[in-house]
Each structure stands twice: as structure tokens, then as C-alpha cells.
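# Per-entry structural report
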Amino acid sequence: GAGVSQSPSNKVTEKGKDVELRCDPISGHTALYWYRQRLGQGLEFLIYFQGNSAPDKSGLPSDRFSAERTGESVSTLTIQRTQQEDSAVYLCASSLLAGVGEQFFGPGTRLTVL
Amino acid sequence: DAKTTQPPSMDCAEGRAANLPCNHSTISGNEYVYWYRQIHSQGPQYIIHGLKNNETNEMASLIITEDRKSSTLILPHATLRDTAVYYCIVSRENYGQNFVFGPGTRLSVLP
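Below is a summary of the structure that appears in this document. (Residues numbered from 1 in each chain as written. Chains lettered and ligands numbered in written order. Predicted model: local features only at pLDDT ≥ 70, side-chain atom pairs only at ≥ 80, totals over all residues. Heavy atoms only, no water.)

A count of helices and strands for chain A gives zero helices and ten strands. The N-to-C order of helical and strand elements in chain A reads β-β-β-β-β-β-β-β-β-β. For 114 residues, the compact-globule estimate of 2.2 N^0.38 gives 13 Å, and the C-alpha radius of gyration of chain A, at 13 Å, lies within 12% of that figure. Dimensions along the principal axes, computed over C-alpha positions, put chain A at roughly 40 × 25 × 25 Å. The buried share of chain A, reckoned over its 114 residues, is 49%. Long-range contacts, defined as pairs at least 24 residues apart, comprise 56% of the intrachain contacts of chain A with a sequence gap of at least 6. Accessible surface, chain A as shown: approximately 5400 Å² in total, 48% of it carbon and sulfur. Separation of charge centres in chain A, based on 11 positive and 12 negative side chains, amounts to 5 Å. (Helix = DSSP H or I, 4+ residues; strand = E, 2+ residues; numbered from the N terminus. Rg over C-alpha atoms; globule rule 2.2 N^0.38 Å. Buried < 20%, exposed > 50% of the residue type's maximum accessible area, 1.4 Å probe, protein only. Contact = heavy atoms within 4.5 Å. Areas by Shrake-Rupley, 256 points an atom, 1.4 Å probe, with all protein chains shown as cover. Lys, Arg positive; Asp, Glu negative; His and termini not counted. Charge placed at Lys NZ, Arg CZ, Asp CG, Glu CD.)

Shown next as C-alpha cells:
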């Protein structure tokens, strides 16, 4: 596709349920990033994938959060046993190469935990 | 990565130049200055980045002081569509670019 896509665009879930958020990066982009943005705040880095290297998970807030990426394509962010404080917009970005130029962001998934 | 400081909000008249400042006094020699913006309910959009020389592209100009402790993003002819939150970020290239986005500057372009 022409840009980074994310699905679903909106997700409402009940506290304690697991959710999966999907990101399709731009074709050919080797680096993929997940960020979280709480209402009215800046972006928090969560995790970063670069090719086949081990991901940088330093931003994951707890062991309830995990992410996978298949090769240099789709990534899934999973949040287990969701809590109300997990409510936020989850943004995915990709870049052609790590450390080079710009990151292209998707539209985000708005997660609401009731 | 070095921390950045930006004013929380600014206004600019439509058609005038918008000058958005950013302080990054602890920047190190291998760190770049990046600017992104986020229009309401959208993902952030890359604007420009630079190391020490001034940069210009179709969207904006980036002026970096000689000591690199501060920079200014210039939108030469602001339009209503430029209303957004503007983020100044300092990051080392070749380090995964897990950008640290602060609160940014909320720019309001007024008719």
C-alpha cells in the first residue's frame, strides 16, 4: 500500500480482556516502531523491530505487552489482561532503514478499555 | 538522547511566517534535530531534520544555531492547515530512532 496501515481503527474492550493490534508497514521498510499516545500527551516509545535483529523492547511498560513481527512485514501488538490505563492511541511507524531519515506513521488504533 | 524544550503554544496569522523555537542545550555531536507535526486525530508527519547545517525542503526550513544548542522551524507562509502540534526531537541516527516525543508546541494559525 501507499502508506502505513493499522487495524482496527477503534477498539473498545472490557478490562481484563486481551487485544491484538495490527500494523502493515510500507513495503520494503525494514524498521517498524510502536508508540503509545495517551490523551493530550506526547508519544511514548514501546518497541522497535529492525530486520531480523532482536527487537528493542525497552519501552514496553509491563509484561502484559508483547509484539511480534513476521520478517519485514506485518506486526502485531498484543496487550493481555487490559487495564483502564491502557486506553490510548497506539501508533505504528516504519522507516526504510533504521537510523536513516524519517519515520512514516500510520493513523493509529484508538483503544478504549472500559 | 538529549532533552528538548519547546513553548507549549503559539499563534500565527495566516500567510505569515511561523517560527517555532526549540532548545536542546545538551545535544551531543552525533545527534540530529528532527521535526514532526501531528494534526488532530492523525499520526505524526515528518517535516525535516538536520545535523548542523540549515536545511530547507518543500514544507519548511530548519535553522540550527552554530553551537547547536537551539533550532527554529520556519513555515514560510502558514495556512490554516498548518494548525497542529509540532514536535522537536533530538536523536542519534543508527540507533533505532526510538524517538522521545515531548509535549510539543501547539501552533494555531489564525485567519
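From this point on, the discussion continues.
At the junction of Ser7 of chain A and Pro8 of chain A, the peptide bond is cis and its omega measures out at -10° in the coordinates. With respect to the secondary-structure elements, Pro8 of chain A resides in the loop between β1 (5-7) and β2 (10-13). With a phi close to 70°, Ser41 of chain B is a non-glycine residue in the positive phi region. Note on placement: Ser41 of chain B falls in the loop between β3 (31-38) and β4 (45-50). The exposure class of Ser41 of chain B is exposed, given its relative accessible area of 55%. Although it is not a glycine, Arg68 of chain B sits at a positive phi angle of roughly 65°. Inspection of the secondary structure puts Arg68 of chain B in the loop between β6 (61-64) and β7 (70-75).

What follows concerns the pattern of salt bridges. Residues and elements named next belong to chain A. One pass over the full model with this rule turns up six salt bridges over all chains. Taking the shortest distance from any N to any O, the salt bridge between Glu14 and Lys17 comes out at 3.7 Å. With a shortest N-O distance of 2.8 Å, Asp24 and Arg22 are connected by a salt bridge. What makes Asp24 partly exposed here is its relative accessible area of 23%. Where salt bridges share partners, they join Arg36, Arg38 and Glu44 into one cluster. (Salt bridge = Lys/Arg side-chain N within 4 Å of Asp/Glu carboxyl O.)

Moving on to the sheet that holds β3 of chain B. Residues and elements named next belong to chain B. Strand order in the open sheet formed by five strands is β1-β9-β8-β3-β4, and the pairing between neighbours is mixed. Both outer strands of the open sheet, β1 (9-13) and β4, are each paired with one neighbouring strand and no more. Ignoring which end each strand starts from, the neighbouring axes of this sheet average 25° apart. (Pairing = 2+ DSSP bridges. Axes fitted to C-alpha atoms, helices over the stretch in contact; angles between N-to-C directions.)

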